[in-house]
Amino acid sequence: MSSELIGILGIVALFVLLALRMYIGMAMALIGFLGLWMLVGLQAGASILGLTPLSEGSSYTLSVIPLFVLMGQFAFLSGVSRDIYKTVYAWMGHFRGGLAMATIVACAGFAAICGSSLATGATMAMVAIPEMNKYEYDPRLSTGCIAAGGTLGILIPPSLGFVIYGILTELSIGKLFMAGFIPGFMLAGLFILAIYVQCKLNPQMGPSGESTTWRIKIKSLRGTWGMLTLFFIVMGGIYLGVFTPTEAAGVGAFGAFLFALLRRRLSFPALVQSLTETGKTTAMIFLIIIGATIFSSFLGMTKLPMALADFMVNLPLPRMLILTAIILVYVALGCVMDCYAIMILTVPILFPVIEALRFDPIWFGVLMVIVLEVGLITPPVGLNVFVIKGAAPDVPLTTIFRGIWPFMISALVAIGILMIFPEIATFLPENMK
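Presented here is an overview of the structure given in this document. (Residues numbered from 1 in each chain as written. Predicted model: local features only at pLDDT ≥ 70, side-chain atom pairs only at ≥ 80, totals over all residues. Heavy atoms only, no water.)

1. Regarding the overall build of the chain
In step 1: What the chain contains, in helices and strands, is 21 helices and zero strands.
In step 2: Its C-alpha atoms give the chain a radius of gyration of 22 Å, within 12% of the compact-globule value 22 Å for 433 residues.
In step 3: With the C-alpha coordinates of the chain rotated into their principal frame, the extents come out at 75 × 50 × 45 Å.
In step 4: The buried share of the chain, reckoned over its 433 residues, is 54%.
In step 5: Nonlocal contacts in the chain, meaning residues at least 24 apart in sequence, comprise 81% of its contacts between residues at least 6 apart.
In step 6: Looking at the chain, you have 22 positive and 18 negative side-chain charges, and the mean spots of the two groups are 13 Å apart. (Helix = DSSP H or I, 4+ residues; strand = E, 2+ residues; numbered from the N terminus. Rg over C-alpha atoms; globule rule 2.2 N^0.38 Å. Buried < 20%, exposed > 50% of the residue type's maximum accessible area, 1.4 Å probe, protein only. Contact = heavy atoms within 4.5 Å. Lys, Arg positive; Asp, Glu negative; His and termini not counted. Charge placed at Lys NZ, Arg CZ, Asp CG, Glu CD.)

2. Comments concerning the pattern of salt bridges
In step 1: Tallied over the full model, the rule gives two salt bridges.
In step 2: Notably, a salt bridge pairs arginine 140 with aspartate 138, separated by 2.9 Å at the nearest N-O pair. (Salt bridge = Lys/Arg side-chain N within 4 Å of Asp/Glu carboxyl O.)

3. Focus: a nonpolar patch on the surface
In step 1: Side chains of Met1, Leu5, Ile8, Leu9, Val12, Val16, Leu20 and Met38 sit close together on the surface and give an oily, nonpolar patch of about 820 Å² of accessible area.
In step 2: If you tally residues by element for the nonpolar patch, the top one is helix α1 (residues 3-19), at five residues.
In step 3: Here leucine 20 shows up in the loop between α1 and α2 (24-40).
In step 4: Its relative accessible area of 65% is what places leucine 20 among the exposed residues. (Patch = residues over 30% accessible without salt bridge, like charges linked within 9 Å, V, L, I, M, F, W, Y side chains within 5 Å. Areas by Shrake-Rupley, 256 points an atom, 1.4 Å probe, with all protein chains shown as cover.)

4. A few points about the environment of glutamate 56
In step 1: Looking at the element boundaries, glutamate 56 is found in helix α3 (residues 42-57).
In step 2: Separated by 234 residues in the primary sequence, glutamate 56 and isoleucine 290 place their C-alpha atoms 6.5 Å from one another.

5. Overview of helix α12 (residues 225-239)
In step 1: Along its 15 residues, α12 runs 21 Å from first to last C-alpha, staying within 8% of the 21 Å computed at 1.5 Å per residue.
In step 2: For α12, the full list of buried residues reads Gly226, Met227, Leu230, Phe231, Val234, Met235, Gly237 and Ile238. Mapping the buried residues of α12 onto a view down its axis gives an arc of 160°, with all of them on the same face. Turned more than 90 degrees away from the buried face of α12, the exposed residues are Trp225 and Phe232. (Expected span 1.5 Å × (residues − 1). Arc of directions from axis to C-beta.)

6. Remarks on the packing of aromatic side chains
In step 1: Evaluation of the coordinates by the stated rule reveals 10 aromatic pairs.
In step 2: For the ring pair tyrosine 330 and phenylalanine 364, a centre distance of 6.5 Å and an interplane angle of 50° mean the geometry is tilted. In this pair, tyrosine 330 sits in helix α16 (residues 319-334) while phenylalanine 364 sits in helix α18 (residues 361-376), placing the two residues 34 residues apart along the sequence.
In step 3: A relative accessible area of 2% means that tyrosine 330 is categorised as buried.
In step 4: Clustering of aromatic rings is evident, with ring pairs tying together Phe74, Phe254 and Phe257.
In step 5: Over the ring of phenylalanine 359 we find arginine 319, and its NZ or CZ is 4.4 Å from the ring centre. (Phe/Tyr/Trp six-rings, centres within 6.5 Å; stacked < 30°, edge-to-face > 60°. Lys NZ or Arg CZ within 6 Å of the ring centre and 35° of its normal.)

7. Here's the deal with helix α19 (residues 383-391)
In step 1: Among the residues of α19, Asn384, Val385 and Ile388 are the ones counted as buried. The arc that holds the buried residues of α19, viewed along the axis, is 100°, so those residues lie on one side.
In step 2: Buried positions along α19 lie against α7 (117-134), α8 (139-150), α18 and α20 (397-420).

Written as structure tokens, this is what we have:
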């Protein structure tokens, strides 16, 4: 049996285990170990299985994960999500659809200090849905905009999606963060445009809220200065070369801790809960990365990724057409799988193809994250949709899915723009110090 065939059988077996609901990190580690056993023997396979958890768990680079997760936990604890929403509502709430637009901006703001789509969606749902219900917003718009806005959590830096992609590909996490900055806010703008068009066509979808005086508008800014300052220190430090991403994560976590402390939101039980949730999330991500590393070692031994790269490069097709096919594969996988699982599974296989086709790997990382965002709101899985359903149990799931279609179209437009103008993603990384 050839090594390539063993690799294909390993991938099939992995999908079978995932279909049987085995945890992805454990499934990848098991298949990776069994595949290495077949290729290089039991002793070598057991050696890789034993050493990988130690080497990955003690990696300095991976320490960025718990620090950014902790930063998001302290930010949530400080109540900054509610303050961001109130501020944007004071400035935009009087427009038709203004509450939904404010929700998108607030999602973008919270994403900039959180890094998780599910956390962003869940947090903003608790804040925004009651307000939009009060003004009798159409449930399709109120739930759809939060589900879509929550996806900004894995695009606007600091993003756990970029951290994982950077670790898998050994690319600069700092450059990936900078690459996601402009596309993230561009996508937020496209979401706002989608709300404007819907409310223009059907004014009853998003009635106007109360207008506020300039005094109230200016006063509302007081609640957001701390986290905005922290965000610009963290991202500015990375861009200017003052901090490495890991150091920036430490600064961000400590700054968010001080912010929660100054606002008197940091009780001892709340501190314990934040640390516990950070530990749970970190353990989950580390287990996935350890499993992915073992599985990647197996795939490397099979030479399947290189064979796939050679095959696709030699196809008599334009490289942009091949890239479009890869994007369609991601969209299809996003309908049935979690975005991080997709990334862990596909990057070791498809990254050599991207390099062989001479695409910028930083740019592709941004493109892939946006495609994975589409998966977060695509039926039948659409994890962000189920998070919103939990916050709005009286809204049928079909109504939420109907509400996300305009935002899904906006995301596809963003993908098209990035494919035509890759400089949108590469400009900041290329000018980093």
